[in-house]
Amino acid sequence: MGSLRVFSTLTHDARIFVAGHKGLVGSAIVRRLTSYGFSNLVLKTRAELDLLDQAAVRDFFREEKIDFVFVCAAKVGGILHNSRHQADFIYENLMISANIIQAAALYDVKKLLYLGSSCIYPKFSPQPIPEEALLSGPLEPTNEGYAIAKIAGLKMCEKFYTQYGKCFVSVMPTNMYGPNDNFHPDHSHVIPGMMRRFHEAARGGASSVTVWGTGSPRREFLYSDDFAEAALTVMESYNEPGFLNVGTGEDVTICELAFTMAKVVGFKGEIIFDSSKPDGTPRKVLDVSKVKSLGWEPQISLEVGLRLAYEWALGADAFSLSPESRVVQVPGV
Ligand SMILES: NC(=O)c1ccc[n+]([C@@H]2O[C@H](COP(=O)([O-])OP(=O)(O)OC[C@H]3O[C@@H](n4cnc5c(N)ncnc54)[C@H](OP(=O)(O)O)[C@@H]3O)[C@@H](O)[C@H]2O)c1
């Protein structure tokens with residue numbers, strides 16, 4: 001038996017493809033769909049279906065008769081990894097988006113939800129960032145390749161909607177965290193990276209943890225299960241060419257995040273803010289009034305979400321990669 005929620009767009013016999021189902025976001029969508037009783041999920045690992053392979057993706061859509069698609073597959077990484085591998089980030093993300101969106105249109109997918117990212121917005125956007133800020137100014141150079149690919153993906157959805165009447169819509173999520181996050185020391189986002197370093201410090205009896213910057217930048221974080229509920233809400237009831245921001249609409253300072261993290265992992269030492277390191281943009285938070293007008297609200301507070309993510313990480317032995325540094329970078333400059 002699934003949880004109680006009435007669906008009209010997504011039907012229980014529909015074939016639903018969650019691309020990237022092993023990742024942070026895809027796995028949250030699978031958990032949520034499963035909890036609502038959707039059982040006709042089509043899930044493929046990268047070894048079974050490489051989304052960079054256009055012919056394979058077309059064959060897959062032709063054979064599998066997919067009704068709904070959640071595009072959660074992408075090449076994703078933290079600031080350093082992203083900035084050093086911009087060619088890979090633009091190429092792989094363009095190919096994944098183009099292959100899936102075009103094949104979904106060709107083989108009559110009923111509705112597709114594409115995932116962009118809040119880094120598509122110009123570096124100097126108004127705060128909170130409204131959807132209208134897209135393409136209103138230069139991008140942050142360190143993740144330009146990734147952002148351009150994501151903008152191309154959401155624009156593809158919009159153009160397939162307007163030219164061919166395909167109901168392909170997009171969401172722009174803020175920073176997310178939760179089970180199946182990437183805890184790699186170099187490739188991770190701010191929360192798993194910080195969690196790993198505080199965990200190692202707590203376990204190793206370190207007297208201090210150093211965090212990059214002054215601690216004053218403000219950032220927004222959304223637990224992946226809250227995002228999954230938003231994704232289902234958008235899939236159910238957003239039917240126009242375009243995209244919606246998804247976040248909490250609330251931001252915390254990196255300092256507040258660090259102290260909450262220390263509490264969650266049981267680190268009792270000193271937290272040092274290294275102000276010689278760059279802070280990045282002072283504030284980054286999304287205007288989420290449009291997605292909230294569909295009836296969705298996030299349910300999980302930052303502290304509860306961090307506890308859930310930490311429990312998952314301990315259970316999954318996610319910190320087993322060898323540590324390289326105890327310095328935490330601020331997210332999404
Ligand atoms: N994490 C965030 O904070 C955040 C914020 C905003 C937006 N987003 C967006 O949300 C989406 C999902 O992100 P995520 O954090 O869940 O990433 P993730 O944990 O890295 O998961 C990405 C998934 O995509 C799969 N994938 C990548 N390339 C593939 C390929 N060529 N063929 C088949 N599968 C492939 C990966 O497979 P493997 O397991 O084989 O690598 C993985 O399962 C992305 O579009 C991202 O831009 C994420």
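So, how was this worked out
Chains are numbered independently. Their residues run from 1 in the order of the written sequence. Only residues with pLDDT of at least 70 are given local features in this predicted model, and only at 80 or more are side-chain atom pairs given and counted; all residues enter the totals for whole chains, interfaces and linings. Labels follow the DSSP assignment, with helices taken as runs of H or I lasting at least four residues and strands as runs of E lasting at least two, numbered in each case from the N terminus. Counting other C-beta atoms within 10 Å of each residue's C-beta, where C-beta atoms are placed from the backbone, gives the exposure class: buried for 20 or more, exposed for 12 or fewer, partly exposed between. Each residue is represented by a C-beta atom placed from its backbone, and any two residues with such atoms within 7 Å are regarded as in contact. A score from 0 to 100, pLDDT tells how confident the predictor is in each residue. Should the C-beta atom of a residue, placed from the backbone, lie within 6 Å of a molecule or strand, that residue is near it. Residue classes follow a fixed rule: Ala, Val, Leu, Ile, Met, Phe, Trp, Tyr, Cys and Pro count as nonpolar, while Asp, Glu, Lys and Arg count as charged, and any other residue, Gly among them, counts as polar. Pairing between strands is defined by DSSP: at least two bridges between the two strands are required. Axis geometry follows a simple rule: fit a line to the C-alpha atoms, using only the stretch in contact for helices, then measure angles between N-to-C directions, giving values from 0 to 180 degrees. Start and end positions for the domains come from either an automated domain assignment or a database one. Oblique is the label for every angle not falling under 35 degrees (roughly parallel), over 145 degrees (roughly antiparallel), or within 65 to 115 degrees (roughly perpendicular). Here a crossing is called left-handed whenever its near helix is offset anticlockwise from the far helix by less than a right angle, and right-handed whenever the offset is clockwise. By this rule, a helix spans an expected 1.5 Å times one less than how many residues it contains. A set of buried residues qualifies as a nonpolar core if it consists of Ala, Val, Leu, Ile, Met, Phe, Trp, Tyr and Cys joined through C-beta atoms within 7 Å.

Caption draft 1: Spotlight on the overall build of the chain. In terms of helices and strands, the chain carries ten helices and 14 strands. Counting only C-alpha atoms and orienting by the principal axes, one finds that the chain spans roughly 60 × 45 × 40 Å. Across the 333 residues that make up the chain, the buried fraction comes to 47%. For the chain, the proportion of contacts with a sequence separation of at least 24, taken over those separated by at least 6, is 84%.

Caption draft 2: Highlighting the confidence of the model for the chain. Residues of the chain with pLDDT of at least 70 account for 95%, and the chain-wide mean is 94. Segment residues 323-333: pLDDT under 50, and 41 contacts once partners within four positions in sequence are set aside and those in other chains are kept.

Caption draft 3: Highlighting the site of the ligand. The immediate surroundings of the ligand are formed by 23 residues, with G20, G23, V25, A73 and A74 found nearest. Among the elements of the structure, α1 (24-35) and β6 (175-177) are those that each provide at least two residues to the shell around the ligand. The element best represented in the shell around the ligand is α1, accounting for three residues. Taken together, the residues of the shell around the ligand break down into twelve nonpolar, seven polar and four charged.

Caption draft 4: How the structure looks around the sheet that holds strand β10 (residues 243-246). The strand order across the open sheet built from six strands is β2-β1-β3-β4-β5-β10, with neighbouring strands paired in parallel fashion. Each edge of the open sheet carries a strand with a single partner, namely β2 (41-42) and β10. As paired strands, strand β1 (residues 16-19) and β2 are joined by two bridges and run parallel to one another. Within the sheet, the bridge partner assigned to I16 lies in β2 and is L41. Here helix α5 (residues 144-164) sits on the sheet and contacts β4 (111-115), β5 (167-173) and β10; the angle it forms with β5, its principal contact strand, is near 155 degrees.

Caption draft 5: Main features of the domain arrangement of the chain. Examined at the domain level, the chain breaks down into domain 1 (16-179 + 220-246) and domain 2 (190-217 + 252-281 + 301-328). Using C-alpha coordinates to define each centre, domain 1 is positioned 28 Å away from domain 2. Counting residues at the interface gives eight residues for domain 1, matched by ten residues for domain 2. Put simply, the parts of the chain that give the side of domain 1 that touches domain 2 at least two residues each are β6 and β9 (221-223). Taken together, the residues that form the side of domain 1 that touches domain 2 break down as four nonpolar, three polar and one charged.

Caption draft 6: View of the packing of helix α4 (residues 86-106) against α5. Close contact between α4 and α5 brings their axes to 7 Å; oriented N to C, the two are set at 15 degrees. Accordingly, the angle class assigned to the pair α4 and α5 is roughly parallel. Here α4 runs over α5; the crossing is right-handed. Contacts from Q86, A87, F89, I90, N93, L94, S97, A98, I101 and A105 of α4 reach α5 at E144, G145, Y146, I148, A149, K150, A152, G153, M156, C157, F160 and Y164.

Caption draft 7: The environment of T162, seen in detail. By the secondary structure assignment, T162 is in helix α5. Of the residues examined, T162 has 12 C-beta atoms within 10 Å and is grouped as exposed. Along the sequence, T162 and P241 sit 79 residues apart, while their C-alpha atoms lie 6.6 Å from each other.

Caption draft 8: Quick look at helix α6 (residues 190-204). Taking 1.5 Å per residue, 15 residues should reach 21 Å; α6 reaches 21 Å between its end C-alpha atoms and fits that length. The buried fraction of α6 amounts to eleven of the 15 residues, a majority that puts the element mostly inside the structure. For α6, every residue scored as buried is listed here: V190, I191, P192, G193, M194, M195, R196, R197, F198, H199 and A201.

Caption draft 9: Focus on unusual backbone geometry. Omega for the bond connecting Q127 with P128 falls within 30 degrees of zero, at -10 degrees, which places this linkage in the cis form. Counting through the fold element by element, P128 comes out in the loop between β4 and α5. Of note, D108 is a non-glycine position whose phi angle comes to about 60 degrees, a positive value. Tracing the sequence through the fold places D108 in the loop between α4 and β4. For D108, a count of 11 C-beta atoms within 10 Å gives the class exposed.

Caption draft 10: Examining the sheet that holds strand β11 (residues 252-253) more closely. Strands sit in the order β11-β8-β13 across an open sheet of three strands; the sheet is mixed. Both outer strands of the open sheet, β11 and β13 (283-284), are each paired with one neighbouring strand and no more. Pairing of strand β8 (residues 218-219) with β13 involves two bridges; the strand directions are parallel. Residue pairing across strands places R218 opposite R283, the latter belonging to β13.

Caption draft 11: Summary view of the nonpolar core. By size, the foremost hydrophobic cluster in this structure holds 96 residues, and its most contacted members are V69, V71 and A231. Among the elements that take part in this core, α4 stands out by supplying eight residues, more than any other. Built from parts of two domains, this core gets at least three residues from each of domain 1 (16-179 + 220-246) and domain 2 (190-217 + 252-281 + 301-328). Among all residues touching V69, those that are not within four sequence positions of it are F17, A19, I100, A104, V109 and L112.

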